[in-house]
Amino acid sequence: MELIHGVIVFAGHFDERDLDTARRSYPGRRPVINADGGLEIHPDGPGRPTPLLGDPHHSC
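Presented here is a report on the structure given in the accompanying data block.

Rules used in this analysis
Residues numbered from 1 in each chain as written. Predicted model: local features only at pLDDT ≥ 70, side-chain atom pairs only at ≥ 80, totals over all residues. Heavy atoms only, no water. Salt bridge = Lys/Arg side-chain N within 4 Å of Asp/Glu carboxyl O. Helix = DSSP H or I, 4+ residues; strand = E, 2+ residues; numbered from the N terminus. Buried < 20%, exposed > 50% of the residue type's maximum accessible area, 1.4 Å probe, protein only. Pairing = 2+ DSSP bridges.

### Structural notes on the pattern of salt bridges
Item 1. For the structure shown, the criterion picks out 2 salt bridges.
Item 2. A salt bridge links Arg 23 to Asp 20, with the nearest nitrogen and oxygen atoms 3.0 Å apart. A residue pair is termed a helical-turn pair when its members lie 3 or 4 positions apart in one helix, as Arg 23 and Asp 20 do in helix α1 (residues 16–25) at 3 residues.

### Points about the pairing of strand β4 (residues 39–42)
Item 1. Residues of β4 alternate between two faces, with Leu 39 and Ile 41 on one and Glu 40 and His 42 on the opposite face, all of them buried.
Item 2. Pairing geometry for strand β2 (residues 7–10) and β4, over 3 bridges, is antiparallel. When the bridges of β4 are listed, Ile 8 appears paired with Ile 41.
Item 3. In terms of strand pairing, strand β3 (residues 30–33) meets β4 through 4 bridges, oriented antiparallel. Within the sheet, the bridge partner assigned to Arg 30 lies in β4 and is His 42.
Item 4. In sequence, β3 turns back onto β4 through a hairpin of 5 residues, with Gly 37 there showing a positive phi of about 85°.

### Some points on the environment of Leu 52
Item 1. Considering the arrangement of structural elements, one finds Leu 52 in the segment after β4.
Item 2. Between the C-alpha atom of Leu 52 and that of Ala 22, which follows or precedes it by 30 residues, the distance is 17 Å.

### Some points on the pairing of β2
For a regular strand, the rule is simple: side chains alternate between the two faces of the sheet.
Item 1. Side chains Val 7 and Val 9 of β2 all project onto a buried face; the interleaved residues Ile 8 and Phe 10 project onto the opposite face, where all are buried too.
Item 2. Sheet analysis places strand β1 (residues 2–4) next to β2, joined by 3 bridges and oriented antiparallel. What sits directly across from Glu 2, in β2, is Val 9.
Item 3. Adjacent in sequence and paired antiparallel, β1 and β2 are bridged by 2 residues, among which His 5 carries a positive phi angle near 50°.

Take it as geometry only, folks, not as evidence of what the structure does.
Now the structure itself:
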């Protein structure tokens, strides 16, 4: 686990089930899975956050 610019970043291979768990574990924060399969827990804010390590749904 690392903290990068206020975002908690967990290394590993996470999926939608992990996102559901993160939403319950970190109320008011916005979890996303990044391009490396890691889990990022972003601060509260509008909309879906942009992953720090790239978006797994968009190729570069």
